[in-house]
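# Close look at the chain arrangement
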Amino acid sequence: NFQKNKIIKFELESFESLIGIPISISEAQKILTQLGFNCKKNKKNLLVEIPSWRPDIVQSVDLIEELIRIKGFKNIKLISSKKGLGNALKAGVIS
């Protein structure tokens, strides 16, 4: 029984609002492609096909984690806890 791979609509704005630094669509696509994801540009977003061997990737925040892991945690800006909490709530990271 063949099952299609999951597709996640990844909004690049969610990366910047959560991490505090921007990422271009071409940089995100390059990193994710190198990690084995199939990506298709869709206006300001990426449609990301999740490989069957990556069951740990279930939502956009998982893609953000992959991107910042490669881009470098040292690049994350420090922000006030109030702003960070609000952004995390908006991004659905915490509830």
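Anything mentioned here points back to the structure above.
What counts and how
- Residues numbered from 1 in each chain as written.
- Predicted model: local features only at pLDDT ≥ 70, side-chain atom pairs only at ≥ 80, totals over all residues.
- Heavy atoms only, no water.
- Core = buried A, V, L, I, M, F, W, Y, C linked by side-chain atoms within 4.5 Å.
- Buried < 20%, exposed > 50% of the residue type's maximum accessible area, 1.4 Å probe, protein only.
- Helix = DSSP H or I, 4+ residues; strand = E, 2+ residues; numbered from the N terminus.
- Contact = heavy atoms within 4.5 Å.
- Polar contact = N/O pair within 3.5 Å; in protein donor to acceptor, adjacent residues only side chain to side chain.
- Pairing = 2+ DSSP bridges.
- Salt bridge = Lys/Arg side-chain N within 4 Å of Asp/Glu carboxyl O.
- Expected span 1.5 Å × (residues − 1).

Another point: the nonpolar core. Ranked by internal contacts, the top residues of the largest apolar core, which has 22 residues, are Phe10, Phe15, Phe37, Val48 and Leu63. Elements supplying a minimum of two residues to this core: β1 (7-11), α1 (12-19), α2 (25-34), β3 (45-49) and α3 (60-71). Setting aside residues no more than four positions away along its own chain, Phe15 makes contact with Phe10, Gly20, Ile21, Pro22, Ile23, Ile64, Leu67, Ile68 and Lys71.

Before going further, it helps to examine unusual backbone geometry. Phi is positive for Lys43, which is not a glycine, with a value near 55 degrees. Turning to its location among the elements, Lys43 is positioned in the loop between β2 (38-42) and β3. For Lys43, a relative accessible area of 80% translates into the label exposed.

For the rest of this paragraph, the subject is the side chain of Asn45. Note that Asn45 resides in strand β3. If sequence neighbours within four positions are ignored, Asn45 has contacts with Lys9, Phe10, Glu11, Leu12, Ile25 and Lys40.

Another point: the side chain of Ser14. In this structure, Ser14 sits in helix α1. Here Glu11 takes part through its backbone oxygen, which lies 2.6 Å from a polar atom of the side chain of Ser14.

Here we come to the pairing of β1. Residues Ile8 and Phe10 point to one face of β1 and are all buried, whereas Ile7, Lys9 and Glu11, pointing to the other face, are not buried. Strand direction decides the pairing type here: β1 and β3, joined by 5 bridges, are antiparallel. The partner of Lys9 across the bridge, within β3, is Leu47.

The full count for this structure, using the stated rule, is 5 salt bridges. Across the pair Lys71 and Glu27 runs a salt bridge, and its minimum N-O distance is 3.1 Å. Taken as a pair, Lys71 in helix α3 and Glu27 in helix α2 lie far apart in primary sequence, 44 residues in all. Take Glu27: its relative accessible area is 28%, and that puts it in the partly exposed class. Ionic pairing is found between Arg69 and Glu66, a salt bridge with its closest N-O pair at 2.7 Å.

Our next topic: α3. Helix length check: α3 (12 residues) gives 16 Å between terminal C-alpha atoms against 16 Å at 1.5 Å per residue, within 8%. Of the positions making up α3, those classed as buried are Val61, Asp62, Leu63, Ile64, Glu66, Leu67 and Ile68. Elements in contact with the buried residues of α3: β1, α1, α2 and β3. Among the residues trailing α3, Gly72 stands out with phi positive, at a value near 115 degrees.

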